[in-house]
Amino acid sequence: MKLWEAVPSGLWEPIRVWSLAGLPGFSRHVSSPAASAADIVDSMSATAAPRKRGKPASGLGASAGAGKRRRKADSAGARGKAKGGGKMNEEISSDSESDSLAPRKTEEEEEEELEETAQEKKLRLAKLYLEQLKQQEEEKAEARAFEEDQVAGRLKEDVLEQRGRLQRSVAKEIQAPALADIRVLRGHQLSITCLVITPDDLAIFSAAKDCTIIKWSVESGRKLRVIPRVKKGVEGQPPGHSSHILCMAISSDGKYLASGDRSKLILIWEAESCRHLYTFTGHRDAVSGLAFRRGTHQLYSTSHDRSVKVWNVAENSYVETLFGHQDAVAALDALSRECCVTAGGRDGTVRVWKIPEESQLVFYGHQGSIDCVQLINEEHMVSGADDGSVALWGLSKKRPLALQREAHGLRGEPGLEQPFWVSSVAALLNTDLVATGSHSSRVRLWQCGEGFRRLDHLCDIPLVGFINSLKFSSAGDFLVAGVGQEHRLGRWWRIKEARNSVCIIPLRRAPTPLAAGS
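So, here is what we can say about the structure in this document. Just so it is clear, the structure is predicted and the values come from calculations on it, not from any experiment. (Residues numbered from 1 in each chain as written. Predicted model: local features only at pLDDT ≥ 70, side-chain atom pairs only at ≥ 80, totals over all residues. Heavy atoms only, no water.)

**A few points about a negative patch on the surface**
For the record, the criterion: Here the term patch refers to residues with relative accessible area over 30% and no salt bridge, with like charges joined within 9 Å and nonpolar side chains (Val, Leu, Ile, Met, Phe, Trp, Tyr) within 5 Å. Residue exposure ignores everything except the shown protein chains as possible cover, and the areas themselves are Shrake-Rupley values with a 1.4 Å probe. Every case where a carboxyl oxygen of Asp or Glu lies within 4 Å of a side-chain nitrogen of Lys or Arg is listed as a salt bridge. Only four residue types enter the tally: Lys and Arg on the positive side, Asp and Glu on the negative side; His and the chain ends are excluded. The atom standing in for a charge is NZ when the residue is Lys, CZ when it is Arg, CG when it is Asp and CD when it is Glu. Helical segments are the DSSP runs of H or I of at least four residues, strand segments are the runs of E of at least two, and each set is numbered from the N terminus. Buried residues are those whose accessible area, probed at 1.4 Å on protein chains only, stays under 20% of the maximum for their type, while exposed residues exceed 50% and partly exposed ones sit between those limits.
Together, Glu131, Glu138, Glu139 and Glu142 make up a region of like negative charge exposed at the surface. In this fold, Glu142 is placed in helix 5 (residues 118-163). Glu142 gets classed as exposed once you look at its relative accessible area, which sits at 59%.

**Here we look at the sheet that holds strand 18 (residues 359-364)**
Short version of the rule: Paired strands, as defined in this entry, are two strands with at least two bridges between them according to DSSP. The axes are straight lines fitted to the C-alpha atoms, using for helices just the contacting stretch, and the angles between their N-to-C directions are given from 0 to 180°.
With antiparallel pairing, the four strands of this open sheet are ordered in space as 15-16-17-18. A single partner strand is all that each edge strand has here, and the edge strands are strand 15 (331-334) and strand 18. Adjacent strand axes in the sheet meet at a mean angle of 20 degrees, parallel and antiparallel pairs treated alike. In the sheet, strand 16 (residues 339-343) pairs with strand 17 (residues 349-354) via five bridges, with the strands oriented antiparallel. For Ala343, the partnering residue across the bridge sits in strand 17 and is Val350.

**Description of the packing of aromatic side chains**
Rules: Between 30 and 60 degrees the pair is tilted, below 30 it is stacked and above 60 it is edge-to-face, where a pair is any two Phe, Tyr or Trp rings, Trp via its six-membered ring, whose centres lie within 6.5 Å.
In the structure shown here, the tally under the stated rule is seven aromatic pairs. On the numbers, 6.4 Å between centres and 25 degrees between planes, the contact of Phe466 with Trp493 is stacked. Here Phe466 is found in strand 29 (residues 466-472), whereas its partner Trp493 is found in the loop between strand 30 (478-484) and strand 31 (501-506), with 27 residues between them in sequence. In textbook terms, an aromatic cluster arises when at least three aromatic residues are bridged by ring pairs, as seen for Tyr278, Phe280, Trp311 and Tyr318.

**Quick word on the side chain of Asp347**
Heads up, the rule is: Here a polar contact is recorded for every N or O atom pair within 3.5 Å, except that within protein the pair must consist of a potential hydrogen donor and a potential acceptor, and residues adjacent in sequence are included only if both atoms are side-chain atoms. The contact rule is simple, with two residues in contact once any of their heavy atoms fall within 4.5 Å.
On the secondary structure map, Asp347 appears in the loop between strand 16 and strand 17. Buried charged residue Asp347 carries no salt bridge. Nearest counter-charge: Arg351, at 4.1 Å. At 2.8 Å, the side chain of Asp347 and the side chain of His325 are in polar contact. A polar side-chain atom of Asp347 sits 3.0 Å from a polar atom in the side chain of Thr349. When near neighbours in sequence (up to four residues on either side) are disregarded, Asp347 contacts His325, Gln326 and Asp327.

**Considering the pairing of strand 16**
In terms of burial, strand 16 is largely enclosed, as five of its five residues are buried. Neither face of strand 16 is left uncovered, since the one carrying Cys339, Val341 and Ala343 and the one carrying Cys340 and Thr342 both have all their residues buried. With four bridges joining them, strand 15 and strand 16 adopt antiparallel strand pairing. Of the residues in strand 16, the one forming a bridge with Leu332 is Thr342. Connecting the antiparallel pair strand 16 and strand 17 is a turn made up of five residues, with Gly345 showing a positive phi of about 65 degrees.

Given below as structure tokens:
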């Protein structure tokens, strides 16, 4: 049965849906039997369903259309309220108002929403996060590789240093300094006999035949401290030396300074303040050599009494004495191992003393008195003698690996020439750079060949006088020379033109050429 057949004919009248009249497409009469209930339901469903907001049309036409639609919706809501419409009217009116009051999105945001779904956005953010993680991990890996390379290189250097095989090549880069670049520090009245440089390269200690010790600033060249001479037999004097100071040594931590003189005494000082701490006695003749074992406060000393003694400075104690040389010992040096090397003077030997075993290795090679010796690394050393020769030694061979005769030339009348004595040697630790001094008015720099089997002359540095002491700075950027008018061990000659001074010689290195394409 149809809808209109169930209603009496007298009651059938046209019905107008007032609540939907203002909306487009919803002004409809149900006066005809042809209009079915399904049509009305479909129309209301279509009206109540939220319209999908599409991409807004561009241009003035779109804006005008949107404004017209909003005005129609507002008028429909107003009419619904005026006529006391039902619940549906209120719902539709409130929806229209909320649509008109809600902030509208910009065209760019709407385009993004249309172009990128939520799933695509999650995927994009996930990829971005993974890229960031990958970049961070790559940076960490590079940092770890760099640190590992540095650590591996340092460990390799330490192993080679302990084995005595480390040899950095720096000699070729050294340029001869200009005479005007050499700084001269004057303060001693007599010939400089020995000097040391603090481990931080900030200060120099020099000692002389005038029995004084002066601490100099490397940067300013000024005196920082002076330990004056004392007179023998006079009480109430501050501690000091009363006879020629022949040797000095400083601990590797820069805490202790040791000095030895012709009065058989070894004085221990606090290096920072030059305050006297201890006095070691025990040698029976002039103390001619001192050296601290690196990394410790163990002190080695040697003397013209032909002995080598071991001391513990931190505990202010004597340890032991070793014998073996046949003549007065002239010099001594030590590094990290528990051993030291000595130059035996007129007995013509260089000896390596193994302290724990109380044994010694004897090396022969010079023809004259061996007056100076210096360790290059734990397995190699350089020595100089008054026959004018300079020798390179390896601890595994009893003969020199290289011997440079007449290293500083000859002096004297034709037919009566004599070589210049080599009075001092120095080596830049674990490198191929060596310096030697004499009274030939110049300091000579040498390069040790591969395997220390050759000694090649590099350049000369003009200095007038006896070069009684030479020391390289730890960084290798300067060389210090102790110059005097006389030899440190005697008064065989006197060079009046010389000045008793400390000379700081800068060592500039040639710039390394850049590789192609760098």
